Amino acid sequence: MAKKEVVEEERSAPPEIANVPQHVAIIMDGNGRWAAERGKPRTEGHRAGAESVRACAEACGDLGIRYLTLYAFSSENWKRPKTEITALMTLLERFLKSQTKEMLKNNIRLQAIGRITDLPVKSQKSLHDSIEATADNDGLNLILALNYGGREEIIDGVRSVLRHIQDGLLDEAMLDPQIFSKHLYTRYYPDPDLLIRTSGEMRISNFLLWQISYSEIVISEKFWPDFKREDFFQAVQEYSRRQRRFGGL
Ligand code: FPP
């Protein structure tokens, strides 16, 4: 019997990019349409989308990007049919189980933002296991936004501020954008420099409303399952050509 050859997947060298962002956030859109175009069920689109997650995380690591935040399940996604929600949660659990080893190999630290305690217990368990297993990695921080909504996050932030004021830990007069940021789920991360949305849609869809105030936005016409390593590099190159002025001149 022929010996089975283990071939390491060939990765293209990352391009030279003058200005690499520190934090990239992605609205992964178009899984359903990708599947519909192929006469497949929507869940197949999500399954194919998980492969793009892997490819983009790898590309991020290769460019030396420090943070990648992915909109994996929004607060509004609960409105979808129960079968699709279950499929998405199962996919998440499988992804975490199968990719934790890969994350360890690639020095990726997994994190999550959102109202995590409202997710199915099994999904929470897989999430905690992967977060714990990768906690000591110091390469890319891969942040999954799950049961996440920007408005909900701001409300949770306001609640946290009020509690701190009531407990005498914060002086109301001191409250400013910098202090408020420390009450958000994203308090440990810098704001995204670049926001990518796939599938040509030009909407923010309740994603990181506070944090994207000065992010550069790149829209890709591709559906998320078709958005791969080279597309990611292209988006970062487009970002690198932009001039950011943060309200100045
Ligand atoms: C949007 O496409 C995508 C989602 C709501 C879910 C994103 C989930 C994945 C990419 C699956 C894998 C993720 C992880 C972290 C394992 P859509 O369904 O709204 O597409 P449509 O607009 O074409 O209907």
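Keep in mind the model is a prediction, meaning the values are calculated, not measured.

Chemist: How do you make sense of the site of the ligand when you look at a structure like this?
Modeler: Around the ligand, 17 residues are found, and the nearest of them are Met28, Gly32, Arg33, Arg42 and Arg80. Here an oxygen atom of the ligand sits 3.0 Å away from a polar atom, N or O, in the main chain of Gly32. In the environment of the ligand, an oxygen atom lies 2.8 Å from a nitrogen or oxygen atom belonging to the side chain of Arg42. For the ligand, the protein covers 90% of the area, taking 620 Å² as the surface of the free molecule. Of all the cavities here, the one that holds the ligand is the largest pocket. Of all the secondary structure elements, the ones that give two or more residues to the shell around the ligand are helix H1 (31–37), helix H2 (42–63) and helix H3 (82–105). Partitioning the shell around the ligand into residue classes produces eight nonpolar, five polar and four charged.

Chemist: Before we go on, may I ask you to explain the packing of aromatic side chains in this structure?
Modeler: A ring pair, where both rings are aromatic, is described by two values, the distance of the centres and the angle of the planes. Tallied over the entire structure, the rule returns 10 aromatic pairs. On the basis of an interplanar angle of 15° and a centroid distance of 4.2 Å, the ring pair of Tyr71 and Phe207 is categorised as stacked. With Tyr71 in strand S2 (residues 67–74) and Phe207 in the loop between strand S5 (194–197) and strand S6 (216–219), this pair connects stretches of sequence that are 136 residues apart. Assessed through its relative accessible area of 9%, Tyr71 is described here as buried. Taking 4.8 Å as the distance between ring centres and 70° as the angle between the ring planes, the aromatic pair formed by Phe73 and Trp78 counts as edge-to-face. The exposure class of Trp78 is partly exposed, given its relative accessible area of 34%. Pairwise contacts between aromatic rings join Tyr71, Tyr148, Tyr185 and Phe207 into one cluster.

Chemist: Teacher, can you tell me more about unusual backbone geometry here?
Modeler: With the exception of glycine, most residues fall at negative phi, and the peptide bonds are largely trans. The phi torsion at Ser205 lies on the positive side, around 50°, for a residue other than glycine. With respect to the element layout, Ser205 can be found in the loop between S5 and S6. In this structure Ser205 comes out as partly exposed when scored by relative accessible area, which is 33%. A positive phi angle, near 65°, is found at Asn206, a position not held by glycine. Looking at the secondary structure, you find Asn206 in the loop between S5 and S6.

Chemist: Can you walk me through the nonpolar core in this structure?
Modeler: Nonpolar side chains in soluble globular proteins tend to be buried together. Judged by nonpolar contacts, the single largest core of 41 residues is most densely connected at Ile26, Leu68, Leu144 and Phe232. Among the nonpolar cores identified, the runner-up in size contains 14 residues, and Ala25, Tyr148, Tyr189 and Leu208 belong to it.

Chemist: Looking at this structure, I do not really get the layout of surface pockets. What am I missing?
Modeler: Taking a probe equal in size to a water molecule and rolling it over the atoms shows the remaining empty space. Its boundaries defined by the atoms lining it, the largest pocket holds a volume of some 660 Å³. In terms of lining, the largest pocket is formed by 30 residues, of which the most central are Met28, Asn31, Tyr71, Ala72 and Phe73. For the lining of the largest pocket, the secondary structure elements donating two or more residues are H1, H2, S2, H3 and strand S4 (141–148). Taken together, the residues that form the lining of the largest pocket break down as 16 nonpolar, eight polar and six charged. If you add up the space inside the second largest pocket, you get close to 340 Å³. In this structure, the second largest pocket is lined by 15 residues; those nearest its centre are Asp156, His183, Leu184, Tyr185 and Arg187. Breaking the lining of the second largest pocket down by element, the ones donating at least two residues are strand S3 (109–113) and helix H5 (150–166). If you tally residues by element for the lining of the second largest pocket, the top one is H5, at four residues. Taken together, the residues that form the lining of the second largest pocket break down as seven nonpolar, three polar and five charged.

Definitions and limits used
Residues numbered from 1 in each chain as written. Predicted model: local features only at pLDDT ≥ 70, side-chain atom pairs only at ≥ 80, totals over all residues. Heavy atoms only, no water. Near = heavy atom within 4 Å. Polar contact = N/O pair within 3.5 Å; in protein donor to acceptor, adjacent residues only side chain to side chain. Areas by Shrake-Rupley, 256 points an atom, 1.4 Å probe, with all protein chains shown as cover. 1 Å grid on protein atoms, 1.4 Å probe; cavity = no way out; pocket = protein on both sides within 12 Å on 5 of 7 lines; lining within 4 Å. Sits in = over half its atoms within 2 Å of the grid points. Helix = DSSP H or I, 4+ residues; strand = E, 2+ residues; numbered from the N terminus. Nonpolar A, V, L, I, M, F, W, Y, C, P; charged D, E, K, R; others polar. Phe/Tyr/Trp six-rings, centres within 6.5 Å; stacked < 30°, edge-to-face > 60°. Buried < 20%, exposed > 50% of the residue type's maximum accessible area, 1.4 Å probe, protein only. Core = buried A, V, L, I, M, F, W, Y, C linked by side-chain atoms within 4.5 Å. Points joined across faces, edges and corners; volume = space filled by probe spheres on them.

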